[in-house]
Amino acid sequence: MQGRVGLLGLQREFVWNREGWYPPLEAALEGLTAREAAWQPPGGGNTIWQTLRHLNYWNEFMLHRITGSPREPERIRNDETFGPAVDPADEDGWRAEVARARDLAGRLREAVAKLSEADLERSLPDIGTVAESLAAWTLHDAYHTGQIILIRKMQGSWPAKA
């Protein structure tokens, strides 16, 4: 591992697919059906599918911010990033959302690895430096991964059955 860039890359691995002190997001999504992903917790709250949609929005946002890409996602209110409830029978839609998460994870891993130590000090509009934003972003994804696992426990689909 090389400096802060290496550490931030390692944090991202633990959040996405490297088992450590807590299950990573990839494991939290493993084996989920559209019906389970669309299940509404008792008393309300977001579904797993809505939470993944939210994560995908912010992961795409971060990808564009750290790479300087002009094709940043449209800025919407945070609560809008979860989107509406979905059809529990839409297996293709669910698989597409998970595939989007995998694609973004790979692109983000590459983007973070290409950063230099100097890049980490670059200011980003409204969200601090690249380093500060990446550190907060990995914690954000870990937080929502915990929510996904809690919802799975509530519905009886955790631990995942491979």
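You'll find the structure just up there.
Below you will find a few notes about this structure. No experiment lies behind these values; they were computed from the predicted model shown. (Residues numbered from 1 in each chain as written. Predicted model: local features only at pLDDT ≥ 70, side-chain atom pairs only at ≥ 80, totals over all residues. Heavy atoms only, no water.)

## Structural notes on the overall build of the protein chain
When you go through the protein chain residue by residue, the secondary structure sums to six helices and two strands. Secondary structure elements in the protein chain, listed N-terminal to C-terminal, are α-α-α-α-α-β-β-α. With respect to the three principal axes, the spread of C-alpha positions in the protein chain is 45 × 35 × 25 Å. When each of the 162 residues of the protein chain is scored for burial, the buried share is 40%. Here the analysis covers contacts within the protein chain between residues at least 6 apart in sequence; of these, 72% occur between residues at least 24 apart. Accessible area for the protein chain stands at about 8600 Å²; split by element, carbon and sulfur atoms hold 55% of it. With 19 positive and 23 negative side-chain charges, the protein chain shows a separation of 2 Å between the mean positions of the two kinds. (Helix = DSSP H or I, 4+ residues; strand = E, 2+ residues; numbered from the N terminus. Buried < 20%, exposed > 50% of the residue type's maximum accessible area, 1.4 Å probe, protein only. Contact = heavy atoms within 4.5 Å. Areas by Shrake-Rupley, 256 points an atom, 1.4 Å probe, with all protein chains shown as cover. Lys, Arg positive; Asp, Glu negative; His and termini not counted. Charge placed at Lys NZ, Arg CZ, Asp CG, Glu CD.)

## Some words on the pattern of salt bridges
What the rule picks out here adds up to twelve salt bridges. Arginine 4 is paired through a salt bridge with glutamate 121; the nearest N and O atoms lie 2.6 Å apart. Here the residue arginine 4 occupies a position in helix H1 (residues 3-16), and glutamate 121 occupies one in the loop between helix H5 (91-113) and strand E1 (123-124), the gap between them amounting to 117 residues. What makes arginine 4 partly exposed here is its relative accessible area of 35%. On the basis of relative accessibility, which here comes to 45%, the residue glutamate 121 falls in the partly exposed class. Via salt bridges that share partners, Arg4, Glu117 and Glu121 belong to a single interconnected network. (Salt bridge = Lys/Arg side-chain N within 4 Å of Asp/Glu carboxyl O.)

## Describing the packing of aromatic side chains
In this structure the tally under the stated criterion is three aromatic pairs. Consider the rings of tryptophan 58 and phenylalanine 61, whose centres lie 4.9 Å apart with planes at 75°: the pair is edge-to-face. On the criterion of helical spacing, the pair formed by tryptophan 58 and phenylalanine 61 is a turn pair, its members being three residues apart in helix H4 (residues 48-67). Pair check on accessibility: tryptophan 58 and phenylalanine 61 agree, each one buried. Among the aromatic side chains, those forming a connected cluster through ring pairs are Tyr57, Trp58 and Phe61. (Phe/Tyr/Trp six-rings, centres within 6.5 Å; stacked < 30°, edge-to-face > 60°.)

## Comments concerning H4
Taking 1.5 Å as the rise per residue, H4 with 20 residues should run 28 Å; its terminal C-alpha atoms sit 28 Å apart, in good agreement. Positive backbone phi, at 75°, marks glycine 68, one or two positions downstream of H4. (Expected span 1.5 Å × (residues − 1).)

## Points about the packing of H4 against H5
Where H4 meets H5, the axes come as close as 10 Å, and the angle between the chain directions of the two elements is 30°. Taken together, the axes of H4 and H5 lie roughly parallel to each other. As for the relative orientation of H4 and H5, their crossing is left-handed in sense. Two secondary-structure elements touch here, H4 through Ile48, Trp49, Leu52, Arg53, Asn56, Tyr57, Asn59, Glu60, Met62, Leu63, Ile66 and Thr67 and H5 through Gly93, Trp94, Glu97, Val98, Arg100, Ala101, Leu104, Arg107, Leu108, Ala111 and Val112. Its residues assigned to classes, the contact of H4 with H5 comprises 14 nonpolar, four polar and five charged. (Axes fitted to C-alpha atoms, helices over the stretch in contact; angles between N-to-C directions. Parallel < 35°, antiparallel > 145°, perpendicular 65-115°, else oblique. Left-handed = near helix turned anticlockwise from the far one by under 90°. Nonpolar A, V, L, I, M, F, W, Y, C, P; charged D, E, K, R; others polar.)

## A word on the side chain of threonine 51
Tracing the backbone shows threonine 51 in helix H4. Residue class for threonine 51 comes out buried when judged on its relative accessible area of 3%. Looking at threonine 51, its side chain comes within polar contact range of the main-chain oxygen of threonine 47, at 2.9 Å. (Polar contact = N/O pair within 3.5 Å; in protein donor to acceptor, adjacent residues only side chain to side chain.)

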